[in-house]
Amino acid sequence: MQNISASRHSRIVIVGAGFSGLGMAIRLKQSGQDDFIILERAGEIGGTWYENTYPGCACDVPSHLYSFSFALNPDWSRLFSSQPEIWAYMRRCAEQYDILPHIRWKTPLQAAAWDQTDQMWHITSPDGPLTAQFLILGQGPLSEPSLPAIPGLMDFQGTLFHSAQWNHQHDLSGEKVAVIGTGASAIQFVPQIQPKVSRLLLFQRTAPWIFPRLDKSIPQWQKTLFRRLPLAQRLMRGFIYLQREYRAIGLVYKPDKLKIGENLALKFLRHRISDPKLRQKLTPNYSLGCKRILLSDDFYPALNQPNVEVITERIAEVRPHSVLTTTGQEYPVDTIICATGFHTTDTPLARLLKGREGKLLSETWHGDNAQAYLGTTVAGYPNMFLLIGPNTGLGHTSMIYMIESQVNYIVKALATLQRQNIQTLEVQAIAQDHYNRQIQTRLQTTVWQSGCKSWYINSQGRNTTIWPGFTFNFRRQMRRFDPAVYTLRSKTPDRQPVSTPS
Ligand code: N01
């Protein structure tokens, strides 16, 4: 193998060593391609599963499904594994498939521009300049923590941190703690910190829909069975997959059927919260599934504790030692934890990428109006592939299934180009527009468009995040690489297009 770490040119540069980048790298290796590097801004593998270390951090998709299909793990300790176990699994995969030598640690992509003359990506990173024929973006939508724009927040004199950047040095014992947000992250760490703190003020803007998680440890006999008989684990995985896919029927095709689920969730709420005032606060006011459905066995019980208060009044401002609501109530606090999510639709990476006409991707997308063909390629950005690109997100099952679909598509595309001696591919704008019109039409009747405000919807009211359908339909459309929708340029010196937009 060439000296990967010293090279100034690589056929393929992958950005990010989370599940997307790692899956891509492994598939490249498996297809016999070794000429790639991964730029990773952290000093470790894992992406969001490395960054998020808040107490109780775990996956809300069962681990037998939330793992690579080509690297089943018979030893998952629980149905829903915790962050350390998921991270250790990723690290093992990286070692097993010899991916680590390809990674440039602490090397964020700072800029990348497509050069039409040499048909290459010119990349800038702290490591110096780099060229690549192909650029694959696997930075993921959950990589940039979002702090709320609350007046005075940055001047808070106590301790302030985001859930994705947990301050483990800071001891919360005996403190008055404000938690802002009640999304997937908050509901996992609130039950963990509640017994420690003297007072927990939970600032809730929108009540989430919550179902029991029913987590359990996996008995040794089952691990042994899965180790000795991998088919048994595949069957389990298939069963979980179908069970999860069933949920897409309500979310995508028959939102009226979600009423059944709503009644079940409300029954769960009634069983867990006896105080009618608190129950009222925790009752969602939008359709089930419009925002991510959450799973928890311990969130509601934690809210019943006497040291917890759920505050639904809006925050007006943060003062040096307190939080003030719009009703004039002032709450003294020692620490504020923002569990306020991520920059998902307005990915900062788009401001670093210049395409064929020298235009930033953020300009092409007019800020957060992201569009791609199959969520993977973008007109004007030759030889660039997105992983978990626009409209590939899910509300019901494992993102790793989507990542693998995309990764397989990219490997097929690269193989086709190599076979046909092609240097450059660029999706035709007409194909991209047609695809996105179809996606937006399909989204119109889904639950995600039923009126709630969620991070799936961008500032222009367009859902640029969610895949509106069964995941096997996404996989089916990714099964074949169709060169006809791309403009292809051969490797000949004059680099004439071998096919042009029709
Ligand atoms: O973030 P979120 P998260 N004032 O965006 C509130 C994945 N994930 O970190 O609903 C007050 O879901 C906001 O309120 P509202 C998963 O994909 C997966 O929890 O917008 N509140 C909301 O309550 C998930 O979707 C796992 O009204 C403000 C919260 O902050 C994604 O990560 C585990 C506010 C943000 O919720 C993000 O989850 C954890 C403001 N100014 C996370 N701004 C798995 O298990 C925002 N909020 C796989």
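To be clear, the structure that these remarks concern was listed above.
Please read all numbers here as calculations on a predicted model, not as lab measurements.

Cut-offs applied
- Residues numbered from 1 in each chain as written.
- Predicted model: local features only at pLDDT ≥ 70, side-chain atom pairs only at ≥ 80, totals over all residues.
- Heavy atoms only, no water.
- Pairing = 2+ DSSP bridges.
- Helix = DSSP H or I, 4+ residues; strand = E, 2+ residues; numbered from the N terminus.
- Axes fitted to C-alpha atoms, helices over the stretch in contact; angles between N-to-C directions.
- Core = buried A, V, L, I, M, F, W, Y, C linked by side-chain atoms within 4.5 Å.
- Buried < 20%, exposed > 50% of the residue type's maximum accessible area, 1.4 Å probe, protein only.
- Contact = heavy atoms within 4.5 Å.
- Parallel < 35°, antiparallel > 145°, perpendicular 65-115°, else oblique.
- Nonpolar A, V, L, I, M, F, W, Y, C, P; charged D, E, K, R; others polar.
- Near = heavy atom within 4 Å.
- Polar contact = N/O pair within 3.5 Å; in protein donor to acceptor, adjacent residues only side chain to side chain.
- Areas by Shrake-Rupley, 256 points an atom, 1.4 Å probe, with all protein chains shown as cover.

**A few points about the sheet that holds strand 14 (residues 322-325)**
Across the sheet, which stays open at both edges, the 3 strands sit in the order 13-14-15 with antiparallel pairing between neighbours. Two strands lie at the open edges of the sheet, namely strand 13 (315-319) and strand 15 (330-332), each paired on one side alone. If you compare each strand with its neighbour and ignore which way they point, the axes differ by 20° on average. Summarising the sheet, strand 14 and strand 15 pair through 3 bridges and their orientation is antiparallel. Bridge pairing in strand 15 links Val323 to Tyr331.

**Observations concerning the nonpolar core**
One finds Phe19, Phe68, Ile99, Val179 and Phe189 to be the most contacted residues of the largest nonpolar core, which totals 115 residues. Counting residues per element, this core draws most heavily on helix 11 (residues 399-419), which supplies 12 residues. The residues contacting Val179, other than those within four sequence positions of it, are Ala186, Phe189, Val190, Ile193, Leu200, Leu201, Leu202, Phe203 and Ile337.

**Quick look at the packing of helix 5 (residues 220-228) against helix 6 (residues 230-253)**
For the pair helix 5 and helix 6, the least separation of the axes is 4 Å and the interaxial angle reads 110°. It follows from the interaxial angle that helix 5 and helix 6 lie roughly perpendicular. On helix 6, the residues touching Gln222, Leu225, Phe226, Arg227 and Arg228 of helix 5 are Pro230, Ala232, Gln233 and Met236. Taken together, the residues of the contact of helix 5 with helix 6 sort by class into 5 nonpolar, 2 polar and 2 charged.

**A few points about the sheet that holds strand 16 (residues 335-338)**
Spatial ordering of the open sheet is given by 7-16-8-9-12, a layout of 5 strands whose pairing is parallel. Each edge of the open sheet is held by one strand with a lone partner, namely strand 7 (159-162) and strand 12 (308-311). When strand polarity is set aside, the average angle formed by the axes of neighbouring strands in this sheet is 15°. Across 4 bridges, strand 8 (residues 176-180) lies against strand 16 in parallel orientation. Its bridge partner lying in strand 16, Ile180 is registered against Cys338. Across the face of the sheet, helix 4 (residues 186-193) comes into contact with strand 8, strand 9 (199-203) and strand 16 while running at roughly 170° to strand 8.

**Structural notes on the environment of Trp49**
By the secondary structure assignment, Trp49 is in helix 2 (residues 48-51). Residues Trp49 and Gly18 lie 31 residues apart in sequence; the distance between their C-alpha atoms is 7.4 Å.

**What to know about the site of the ligand**
The environment of the ligand is made up of 22 residues, and the closest members are Asp60, Ala184, Ser185, Thr206 and Lys291. Between the ligand and Thr182 there is a distance of 2.9 Å, counted from an oxygen atom to a backbone nitrogen or oxygen. In the environment of the ligand, an oxygen atom lies 2.7 Å from a nitrogen or oxygen atom belonging to the side chain of Ser185. Taken by itself the ligand offers 910 Å² of open surface, and the protein chains cover 84% of this. The residue makeup of the shell around the ligand, split by class, is 10 nonpolar, 8 polar and 4 charged.

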